[in-house]
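Summary of the model geometry
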Amino acid sequence: MIEMKNVYKKYPNGIVAANGLSIKFNQGEFAYIVGPSGAGKSTFIKMMYREERATSGDVIVNGMNLTTLKNKEIPYLRRQIGVVFQDFKLLPMLNVYENVAFALEVIEEQPATIRKRVMEVLDLVGLKHKARMFPNELSGGEQQRVSIARSIVNVPKVVIADEPTGNLDPETSWDIMNLFEEINARGTTIIMATHNKEIVNTIRRRVIAIEGGLIVRDENGGSYGYEI
Ligand code: ADP
Ligand code: ADP
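The following refers to the structure shown. Owing to the predicted nature of the structure, the values given are computational and were not obtained by experimental measurement. (Residues numbered from 1 in each chain as written. Chains lettered and ligands numbered in written order. Predicted model: local features only at pLDDT ≥ 70, side-chain atom pairs only at ≥ 80, totals over all residues. Heavy atoms only, no water.)

**Re the pattern of salt bridges**
Heads up, the rule is: We define a salt bridge as a side-chain nitrogen of Lys or Arg found within 4 Å of a carboxyl oxygen belonging to Asp or Glu. Partly exposed residues are those whose accessible area sits between 20% and 50% of the maximum for their type, while under 20% is buried and over 50% is exposed, using a 1.4 Å probe and protein chains only. Per the convention used, a helix needs a DSSP run of H or I reaching at least four residues, while a strand needs a run of E reaching at least two, with both numbered from the N terminus.
One pass over the structure, following the stated rule, counts eleven salt bridges. Ionic pairing is found between K89 and D87, a salt bridge with its closest N-O pair at 3.4 Å. The class for K89 is partly exposed, based on a relative accessible area of 44%. According to the relative accessible area criterion, D87 is partly exposed, its value standing at 44%. Its salt-bridge partner being K130, residue E142 comes within 2.8 Å of it at the nearest N-O pair. Taken together, the residues span a long stretch of sequence, with E142 in helix α5 (residues 140-152) and K130 in the loop between α4 (111-124) and α5 at a distance of twelve residues. Side by side, E142 and K130 carry an identical accessibility label, which is buried.

**So, the site of ligand 1**
Going by this rule: The near set for a molecule or strand comprises every residue that places at least one heavy atom within 4 Å of it. Two N or O atoms count as a polar contact when they lie within 3.5 Å, although within protein this holds only if one can serve as hydrogen donor and the other as acceptor, and sequence-adjacent residues are included solely when both atoms are side-chain atoms. The Shrake-Rupley method, run with a 1.4 Å probe, gives the accessible areas here. Residue values count only the displayed protein chains as cover.
The local shell around ligand 1 consists of Y11, N13, I15, A17, P36, S37, G38, A39, G40, K41, S42 and T43. Contacts to ligand 1 include N13, whose side-chain N or O atom sits 3.3 Å from a nitrogen atom. Considering ligand 1 on its own, with 560 Å² of exposed area, one finds that the protein chains cover 66% of that surface. For the shell around ligand 1, the leading source of residues is helix α1 (residues 41-48), giving three residues.

**Focus: the packing of aromatic side chains**
Formally: Aromatic contacts are taken between Phe, Tyr and Trp rings whose centres are within 6.5 Å, Trp giving its six-membered ring; a plane angle under 30 degrees counts as stacked, one over 60 as edge-to-face, and the others as tilted. Criterion for a charge above a ring: Arg CZ or Lys NZ at most 6 Å from the ring centre, at most 35 degrees from the ring normal.
According to the stated counting rule, one finds four aromatic pairs in the structure shown. Ring centres of F25 and F44 lie 6.4 Å apart, and the angle between their planes is 65°; on these two criteria the pair is classed as edge-to-face. Of the two residues, F25 sits in strand β2 (residues 16-25) while F44 sits in helix α1, which places them 19 residues apart along the sequence. With relative accessibility at 0%, the residue F25 sits in the buried group. Taking the relative accessible area as the measure of exposure, F44 reaches 0% and is therefore buried. One cation-aromatic arrangement involves K89 over F85; the distance from NZ or CZ to the ring centre is 5.2 Å.

**Focus: the sheet that holds strand β3 (residues 30-34)**
As a reminder of what qualifies: At least two DSSP bridges between two strands are needed for those strands to be called paired. To obtain an axis, a line is fitted to C-alpha atoms, over the contacting stretch when the element is a helix, and the angle between two such axes runs from 0 to 180 degrees between their N-to-C directions. Only heavy atoms enter the contact rule, under which two residues are in contact if any of them lie within 4.5 Å.
What the six strands build is an open sheet, ordered β6-β7-β8-β3-β9-β10; its pairing is mixed. The strands lining the two open edges of the sheet, one partner per strand, are β6 (81-85) and β10 (214-219). Strand-to-strand twist in this sheet, taken as the mean axis angle between neighbours without regard to direction, amounts to 15°. Relative to strand β9 (residues 206-211), β3 runs parallel, the two sharing four bridges. Across the sheet, I33 pairs through a bridge with I208, a residue of β9. Against the sheet, α5 touches β6 and β7 (158-162), its axis set at about 165° to β6. Across the sheet, helix α6 (residues 170-185) touches β3, β6, β7 and β8 (189-193), and the angle it forms with β8 is around 150°.

Geometric descriptors of this kind do not, in isolation, establish any biological role.
Next comes the structure, spelled out in structure tokens:
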């Protein structure tokens, strides 16, 4: 469902952040992307939702080649994948319900369907009772729950997360991981860049280590493998 073939990314400043990446993810997989700072993890992730375009090589997501995808086709791609960020990226002027409903409103989903679907995902993330609150009234963990609800409201085949627990305390991080586990158990592929050694070493899943823009390890049930 997701495949990279010999992918290179050279930024305008000359830095090569992907140096010949080839990899495949199957439907339903849960994979961690690990590696030191500056290794190319974010670049790898960003190429999968076309925040960055590969300089060469193929990035195939749900049959679309993102290297050649036209900018005007990006909204269509984004509807098929969920993205979760370290800093949540919620819209501060919209309440919880509106932040989640937004993704369905832009595709002009039926109002009754939107209401039903938004309340379903808010229930799943345990925030139905805070639907009318605004992001700045929520704890960090709650904001990340909202952002996860937003990422799955379209029922995407894959959720891509870039350090989703990076701003959260350990206990809240485990709650968020349980949520990702539950979403994965329902069949959604999860690809997650993380620095969280404890989580990677406890919830054993596929581990892909990137260093210097190259995949240096790809192991099912692997360990984190770095000191921090
Ligand atoms: P990681 O997520 O593993 O920390 P990144 O993918 O963010 O790694 O960065 C990989 C390399 O690419 C680093 O050397 C970083 O400085 C560089 N880089 C990342 N984004 C950009 C950008 N927009 N422009 C120029 N260089 C960048
Ligand atoms: P945590 O201990 O998880 O970091 P907080 O102490 O930030 O959580 O918040 C605890 C509870 O209080 C949360 O449910 C949050 O929604 C609520 N809360 C926090 N700040 C505000 C605020 N400014 N207005 C209303 N509710 C708030």
